[in-house]
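If you want the building blocks of each chain, they are given just below.
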Number of protein chains: 2
Amino acid sequence: MADLLGNLRAGDTRALARALTLAENGDAAVLDALDTTAVPQPRRVGVTGPPGAGKSTLVSALVRHLRAGGTPKVGVVAVDPSSPFSGGALLGDRLRMAEHTLDAGVYVRSMAARGHFGGLAAGCEDACDLLALAGFDPVIVETVGVGQSEVEVAGVADTTLVVLTPNAGDSVQALKAGIMEVADVVVINKADKPGAQRLEEDVREGLDLRPHPAPGAPHWPVPIVRTVATDGTGVAELAAALAAHEAHLRAHGLLDASRARRRLARLEALAREALAGALHGQGALAGRYGALRARVEQGSLTPRRAVARLLDGVI
Amino acid sequence: MADLLGNLRAGDTRALARALTLAENGDAAVLDALDTTAVPQPRRVGVTGPPGAGKSTLVSALVRHLRAGGTPKVGVVAVDPSSPFSGGALLGDRLRMAEHTLDAGVYVRSMAARGHFGGLAAGCEDACDLLALAGFDPVIVETVGVGQSEVEVAGVADTTLVVLTPNAGDSVQALKAGIMEVADVVVINKADKPGAQRLEEDVREGLDLRPHPAPGAPHWPVPIVRTVATDGTGVAELAAALAAHEAHLRAHGLLDASRARRRLARLEALAREALAGALHGQGALAGRYGALRARVEQGSLTPRRAVARLLDGVI
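In this text the structure is predicted, and so the values were computed from the model without any measurement. (Residues numbered from 1 in each chain as written. Chains lettered and ligands numbered in written order. Predicted model: local features only at pLDDT ≥ 70, side-chain atom pairs only at ≥ 80, totals over all residues.)

*Asks:* Which residues make up the overall build of chain A, and what are the values?
*Replies:* Each helix and strand in chain A was counted, giving 13 helices and seven strands. Within the span of chain A, comprising 315 residues, buried residues form 46% of the whole. Contacts in chain A between residues at least 24 apart in sequence constitute 75% of all its contacts with a sequence separation of at least 6. (Helix = DSSP H or I, 4+ residues; strand = E, 2+ residues; numbered from the N terminus. Buried ≥ 20, exposed ≤ 12 C-beta atoms within 10 Å, placed from the backbone. Contact = placed C-beta atoms within 7 Å.)

Pasting the structure below:
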């Protein structure tokens, strides 16, 4: 384990892959051994949007831009919220990211959200921690915006990028599903297609509906950037918008605040999970739970009444 | 409270509405007072499928059929997994169910999934318990199959109905998203539209991909029923398929088994929630948690290391 962490710190890619797999398989030892208080936190950019918006192509173009501009190590975590399997449905995305496979300064990891202990957010946190230890900065977390996943990805990112395309159906869905609420930067990708102007107006309207910041609170006017990821158009402007948002966060102390909030959310999630584990452990709580459980299974006690008895005097 | 439960048991609709609102608002007192071990469990039918499949119209037609056949009280819980507000986005569905508003033997309730303590499954369980107390049987739980909601609705139902329509996009999505895995009965609604035959073949193929039952385990060949909900075509056949599935469950003791499993899942969820609440309560656990929380917020202790210390000796 000390070896693994040592190799990881030295930037060894195989050690990183191994640590990520261990973490993904629920082997928490590597994570427990990790003291992230001593590791500089990388900048985290979340990328979300409806299927087909060209997120992977855009991320690939952004990575290329950052690398060309001298960023030494860029990490990408691609999360598929619908797949129980690592990388399965993301094969296409992986192929789109294939241009970076020979670049040691880029590390791409596909992750399944289902099945991971604690869901998407926990999995991303762990992956980002490990990438941080290996020196990757920034880490880009990409996920398809379906269900709750866009809210979860916003929860792990410093800056959340929402990617839309000029396609009435998708954009209306995205605006409706509240995906706008989490956007720090909006990208209109495939902006060479008809309907980009119309979409921009719709997005602007959607953004205007967001709650106003409290009086005195710093205001960030969400920029809308048009890109054509396939030929790199607008990617420099996107990188500039991301840098501007980072500067905004730092200027107002929001980066530290949001990271502290994230640590607390993580603590809460881990504490809940540990307590749930204690229900099935060896202690007094587990003993009492087992007895109540048997009565609930038989049907002679309701779940609610059982729980009311569970905590009496144990905690 | 005793009054409310008394009136509920007597079938008073206003008491039912009030109890459901209290439960939905997180006022657990009414639920804690409820001893469901003494109440006969209604049959629960879950209905899911992609948006636009005609689920509400189908449910409405099924309710009409059951009522005409002499079922005294039919309950419907319509869940919108995307809405944080009760009934908001379901207004259209409510209108489609409006034919039953003058029928005292039908009770329709819209429910929001987000925000409810414990999510969709917990909310449905509570609503079903209250409807059961008021004598409604069966209770039909309808939800849009997006994200995880179809899996959750299958978790609260004895029989899960998946509704599809002859529309390539939707059906492919549904088949892809694993909605098939939870189906006990598949309905092809709007079966008078072109493509019904093709869809039935796709569904059959999708069903064939499901894991086989263990050797010796009872096998249920999932029926595919074609309906035109707007004119009632196929609704009698659908009711027959539902009755056949119930008979299958009863014949093999699966109904009791699945209900026991559901009670245990509910117990586990409630116990976890109660323990999470204890983190922020008055006891020793909360005191220790508060101290660790402060260090994590400052950044001098990682969430994982904090949790490792949390449980030492407390439980």
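After that view of the structure, there is still more to cover.
*Asks:* Explain the pairing of strand E4 (residues 139-143) of chain B to me, using residue names and the numbers behind them.
*Replies:* All names here are of chain B. With five of its five residues buried, E4 lies for the most part within the structure. Side chains of E4 alternate between two faces, with Val139, Val141 and Thr143 and Ile140 and Glu142 buried alike. Pairing of strand E1 (residues 44-48) with E4 involves four bridges; the strand directions are parallel. What sits directly across from Arg44, in E4, is Val139. (Pairing = 2+ DSSP bridges.)

*Asks:* I'd like a rundown of the relation of the copies chain B and chain A, residues and numbers included.
*Replies:* With an RMSD of 0.1 Å, the fit of chain B onto chain A corresponds to turning through 179° and sliding 0.1 Å along the axis. When the rotation and shift are considered jointly, the pair of chain copies conforms to a two-fold rotation axis. Comparing contact sets, 100% of the residues at the interface of chain B also lie at the interface in chain A, consistent with an isologous, same-surface contact. (Least-squares fit on C-alpha atoms with pLDDT ≥ 70 in both.)

*Asks:* Go over the nonpolar core, please, and point to the residues and values.
*Replies:* Judged by nonpolar contacts, the single largest core of 66 residues is most densely connected at A:Val77, A:Leu130, A:Val141 and A:Val187. Excluding anything up to four places from it in sequence, A:Val141 contacts A:Arg44, A:Gly46, A:Val47, A:Val77, A:Val79, A:Cys124, A:Val153, A:Val156 and A:Ala157. The next biggest cluster of nonpolar side chains, apart from the first, holds 65 residues, and it includes B:Val77, B:Ala78, B:Ala121 and B:Leu133. (Core = buried A, V, L, I, M, F, W, Y, C linked by C-beta atoms within 7 Å.)

*Asks:* Hey, could you go over the packing of helix H12 (residues 284-298) of chain A against helix H13 (residues 303-310) of chain A for me, with residue numbers and the actual values?
*Replies:* The relative placement of two packed helices is expressed as an angle between their axes plus a distance between the axes. All names here are of chain A. Contact geometry of H12 with H13 gives a least axis separation of 10 Å together with a crossing angle of 165°. Looking at the two axes, H12 sits roughly antiparallel to H13. Crossing handedness for the pair H12 and H13: right-handed. Each of Arg288, Tyr289, Leu292, Arg295 and Val296 in H12 lies in contact with H13, whose residues at this interface are Pro303, Ala306, Arg309 and Leu310. (Axes fitted to C-alpha atoms, helices over the stretch in contact; angles between N-to-C directions. Parallel < 35°, antiparallel > 145°, perpendicular 65-115°, else oblique. Left-handed = near helix turned anticlockwise from the far one by under 90°.)

*Asks:* So what's going on with the pairing of strand E1 (residues 44-48) of chain A? Which residues, and what values?
*Replies:* All names here are of chain A. Burial analysis of E1 places five of its five residues in the buried class, the great majority of the element. Relative to strand E5 (residues 159-164), E1 runs parallel, the two sharing four bridges. The partner of Val45 across the bridge, within E5, is Thr159.

*Asks:* Summarise the interface of chain B and chain A; cite the residues concerned and give the values.
*Replies:* Between chain B and chain A, the residue contacts involve 41 residues of the former and 42 residues of the latter. Only helix H3 (29-32), helix H11 (254-278), helix H12 (284-298) and helix H13 (303-310) of chain B provide two or more residues apiece to the side of chain B that touches chain A. The element contributing the most residues to the side of chain B that touches chain A is H11(B), with 12 residues. Here the residues of the side of chain B that touches chain A sort into 24 nonpolar, nine polar and eight charged. (Nonpolar A, V, L, I, M, F, W, Y, C, P; charged D, E, K, R; others polar.)

*Asks:* Tell me what's going on with the environment of B:Asp103, and back it up with residues and numbers.
*Replies:* Residue and element names in this part refer to chain B. Inspection of the secondary structure assignment puts Asp103 in the loop between helix H5 (91-96) and strand E3 (106-112). Looking at Asp103, the number of C-beta atoms within 10 Å reads 14, which means it is partly exposed. In sequence terms Asp103 and Arg67 are 36 residues apart; their C-alpha atoms lie 9.3 Å from each other.

*Asks:* Quick rundown of the packing of helix H11 (residues 254-278) of chain A against H12(B)? Include the residues and the values.
*Replies:* Here H11(A) crosses H12(B) at 145°, and the two axes come no closer than 9 Å. Here H11(A) runs over H12(B); the crossing is right-handed. Where H11(A) abuts H12(B), its residues A:Ala260, A:Arg263, A:Leu264, A:Leu267 and A:Ala271 lie against B:Tyr289, B:Arg293, B:Val296 and B:Glu297.

*Asks:* Give a description of helix H10 (residues 235-251) of chain B that names residues and reports values.
*Replies:* Residue and element names in this part refer to chain B. Along its 17 residues, H10 runs 24 Å from first to last C-alpha, staying within 8% of the 24 Å computed at 1.5 Å per residue. Every buried residue of H10 is accounted for by Val235, Leu238, Ala241, Leu242, His245 and Leu249. The buried residues of H10 occupy an angular sector of 115° when the element is viewed end-on, so they sit on one face. Opposite the buried face of H10, at more than 90 degrees from it, the exposed residues are Ala240, Ala243, Ala247, Arg250 and Ala251. Looking at the buried positions of H10, the neighbouring elements they touch are E1, helix H4 (55-68), strand E5 (159-164), strand E6 (185-188), strand E7 (224-226) and H11. Of the residues trailing H10, Gly253 is marked for its positive phi of about 65°. (Expected span 1.5 Å × (residues − 1). Arc of directions from axis to C-beta.)

*Asks:* Give me unusual backbone geometry: which residues, what numbers.
*Replies:* All names here are of chain A. The omega torsion across Asp137 and Pro138 is 5°, close enough to zero to call that bond cis. Structurally, Pro138 can be placed in the loop between helix H6 (119-133) and strand E4 (139-143). A positive phi angle, close to 55°, is found at Lys190, a residue other than glycine. Tracing the backbone through its elements, the reader meets Lys190 in the loop between strand E6 (185-188) and helix H9 (196-208).

*Asks:* Just give me the short version of the confidence of the model for chain A, but keep the residues and values in it.
*Replies:* All names here are of chain A. Counting all residues, the mean pLDDT for chain A is 84, and 85% of those residues have values of 70 or more. Least confident of the elements in chain A is helix H5 (residues 91-96), whose mean pLDDT is 53; most confident is strand E7 (residues 224-226), at 98. Within the model, pLDDT remains below 50 along residues 83-92, and this stretch shows 19 contacts once partners closer than five positions in the same chain are excluded. For this predicted complex, the interface score ipTM comes out at 0.77, alongside a pTM of 0.66. (pLDDT = per-residue confidence, 0-100.)

*Asks:* An account of the environment of B:Glu200 is requested, with residue identities and associated values reported.
*Replies:* Residues and elements named next belong to chain B. In this fold, Glu200 is placed in helix H9 (residues 196-208). Judged by C-beta crowding, with 18 C-beta atoms within 10 Å, Glu200 ranks as partly exposed. If near-sequence neighbours (up to four positions away) are discounted, Glu200 is found in contact with Ile188 and Ile224.

*Asks:* Tell me about the environment of B:Val45, and name the residues and values.
*Replies:* Residue and element names in this part refer to chain B. As for its position among the elements, Val45 is in strand E1. Along the primary structure Val45 and Ile140 are separated by 95 residues, whereas in three dimensions their C-alpha atoms are 4.8 Å apart. The contacts of Val45, once residues within four sequence positions are left out, are Pro138, Ile140, Ala157, Thr159, Leu161 and Leu242.

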